[in-house]
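# Observations on the model geometry
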Amino acid sequence: EEVIEQISLEEVISEVPAEEIISEEPVKEIASEVPVKEIISEEPAEEVIEQISLEEVVSEAPAEEIIEEVAVEEIVSEAPLEEVVEEAPAAVYEILMGSSTSQLVFVPKTLTVHPGDTVKWVMNKFAPHNVVFDDKKISPEQKPFAQALSNKKYFMKPGETYERVIPKDMPAGTYSYYCVPHRGAGMVAKLIVER
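In space, the five strands of this open sheet follow the order 3-9-8-5-6, with mixed pairing throughout. The open sheet has two edge strands, strand 3 (110–113) and strand 6 (151–155), and neither has a second partner. Strand-to-strand twist across the sheet, computed as the mean angle between neighbouring axes with direction ignored, equals 25 degrees. The sheet contact formed by strand 3 and strand 9 (residues 188–193) spans four bridges and is parallel. Paired with Thr110 across the bridge in strand 9 is Lys190.

Given below as structure tokens:
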């Protein structure tokens, strides 16, 4: 004990392994007598982590070891955009065939959709109705999609439905459609596909 008192603490730290210092004296006593800078420079980071501020740990430790300390906002801001952006859920739209006010129209007359959305035509009033897409005023790339969306079968009873999902590869553009028996009466509408 007498010899230890005559030797400065710095000499003990430089000559004695850290395990012995920690095991023989309480950590609080060592920490109070030795500046944190000396401990950091001479001891492995794992043994003195309690003595180091969070900022020092973040600047020197590998990101994998401190990821739980990083705010979610920081992680999101550094991630590639395609990993952060989630695809919006598909929507479901209804179009009435024949209005509730006794008109020969599709309601709504114009609807904007996106690939993946579902469009449901509902027989409402003044049967018969059907849904036929006009493939004469569109590009050759759009024609197969317009034909696939068409339903030439007549709906007679209120509440009957016909639905289609807008294909993921459907070209953007305006697709006109009509009801065959009531086209002359103005029962025409538009489906606008946006990407």
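From this point, the discussion proceeds with the structure in view.
The next subject is the pattern of salt bridges. A complete count under the given rule lists two salt bridges for this structure. A salt bridge links Asp134 to Arg183; the nearest nitrogen and oxygen atoms lie 3.5 Å apart. Within this pair, whereas Asp134 is found in the loop between strand 5 (129–133) and helix 10 (143–149), its partner Arg183 is found in the loop between strand 8 (173–178) and strand 9, the two being separated by 49 residues in sequence.

This next bit is on the sheet that holds strand 4 (residues 118–123). Within a sheet, neighbouring strands are paired by backbone hydrogen bonds and run either parallel or antiparallel to one another. Across the sheet, which stays open at both edges, the four strands sit in the order 2-1-4-7 with mixed pairing between neighbours. Every interior strand has two partners, whereas the edge strands, strand 2 (106–107) and strand 7 (161–165), have only one. As paired elements, strand 1 (residues 92–97) and strand 2 share two bridges and run antiparallel to each other. When the sheet's bridge partners are listed, Met97 is paired in strand 2 with Phe106.

Counting buried positions along strand 4 yields five of six residues, so the element is predominantly enclosed. With six bridges joining them, strand 1 and strand 4 adopt parallel strand pairing. Counted as the bridge partner of Glu94 is Lys120 from strand 4. Here five bridges tie strand 4 to strand 7, and the two strands are oriented antiparallel to one another. Its bridge partner being in strand 7, Val119 is matched across the sheet by Arg164.

All right, on to a nonpolar patch on the surface then. A cluster of nonpolar side chains, namely Tyr154, Met156 and Val180, defines an oily patch on the protein surface of about 290 Å² accessible area. Turning to its location among the elements, Tyr154 is positioned in strand 6.

Conventions adopted
Residues numbered from 1 in each chain as written. Predicted model: local features only at pLDDT ≥ 70, side-chain atom pairs only at ≥ 80, totals over all residues. Heavy atoms only, no water. Pairing = 2+ DSSP bridges. Helix = DSSP H or I, 4+ residues; strand = E, 2+ residues; numbered from the N terminus. Axes fitted to C-alpha atoms, helices over the stretch in contact; angles between N-to-C directions. Salt bridge = Lys/Arg side-chain N within 4 Å of Asp/Glu carboxyl O. Buried < 20%, exposed > 50% of the residue type's maximum accessible area, 1.4 Å probe, protein only. Patch = residues over 30% accessible without salt bridge, like charges linked within 9 Å, V, L, I, M, F, W, Y side chains within 5 Å. Areas by Shrake-Rupley, 256 points an atom, 1.4 Å probe, with all protein chains shown as cover.

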